[in-house]
Amino acid sequence: MTGHDDRRRFLRRAAGAGAVAIGAAVTASGVAVGAGGAAEASPPNRRRPESPVVGTWRGVVTLPHEEEVALFTFLPDGFFLSFAQGIHIATGRWEPTGRRTVTFTLWQVLPDDLKGMPLRYNGEVRALHHAEVRGDTLTSQGTYRGLDIDGNETGRGPVSARATRFDISTF
């Protein structure tokens, strides 16, 4: 079996990726599910970054060919999760690069139908962002790379985002 066959098989079976990403987010958030199914708080993490990026953000992602409304979640210990228009679910990692700056990467599988439930996937997007937080505003600049189901590059270019913190006071 070739790498292309593995990629195709993975992308075709990735319909559960959203559930896995959400489960990982819950696990990374420090909530564990006990044997009886009840949520239990994990012991406090001693290495929590003191980065102002930790939290949930609502914003707009700008690509050369489109703009998307998106929600970003930066969890302690460097886990990143994003939901954008259509069935765009991405997961990734982030790390602080300064007092108010971070770098984050994401990986997103692309379904054939961006409006309904994903039945088949036709590719993926990878992106690298360099972001800055000023108050309740996050801005980022970066690059993206698109790949088809066989791993062939379908595009690359600049990507930017501008987001506002969403917290309890926003409600």
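Residues numbered from 1 in each chain as written. Predicted model: local features only at pLDDT ≥ 70, side-chain atom pairs only at ≥ 80, totals over all residues. Heavy atoms only, no water.

## Notes on unusual backbone geometry
Not every positive phi belongs to a glycine, and D77 is a case in point at roughly 70°. If you trace the backbone, D77 turns up in the loop between β4 (66-75) and β5 (79-84). (Helix = DSSP H or I, 4+ residues; strand = E, 2+ residues; numbered from the N terminus.)

## Comments concerning the environment of R134
By the element assignment, R134 lies in strand β8 (residues 121-134). Owing to a relative accessible area of 52%, R134 belongs among the exposed residues under this scheme. (Buried < 20%, exposed > 50% of the residue type's maximum accessible area, 1.4 Å probe, protein only.)

## Description of the nonpolar core
Nonpolar side chains tend to gather and get buried jointly when the protein is soluble and globular. V53, W57, F72, F74, F104 and L138 are the most contacted members of the largest nonpolar core, which has 23 residues in total. Contributing elements (two or more residues each) for this core: β3 (55-63), β4, β5, β6 (88-96), β7 (101-111), β8, β9 (137-148) and β10 (153-166). For this core, the element with the highest residue contribution is β8, accounting for four residues. Setting aside residues up to four positions removed in sequence, F72 forms contacts with G55, T56, W57, V61, F80, L81, S82, A161 and A163. (Core = buried A, V, L, I, M, F, W, Y, C linked by side-chain atoms within 4.5 Å. Contact = heavy atoms within 4.5 Å.)

## Considerations on the pairing of β3
In this sheet, β4 lies alongside β3 in antiparallel orientation, the contact comprising nine bridges. Each bridged residue has a counterpart across the sheet, and for G59 the counterpart in β4 is A70. The hairpin turn running from β3 into β4, its antiparallel successor, is two residues long. The sheet contact formed by β3 and β10 spans seven bridges and is antiparallel. Across the sheet, G59 pairs through a bridge with A163, a residue of β10. (Pairing = 2+ DSSP bridges.)

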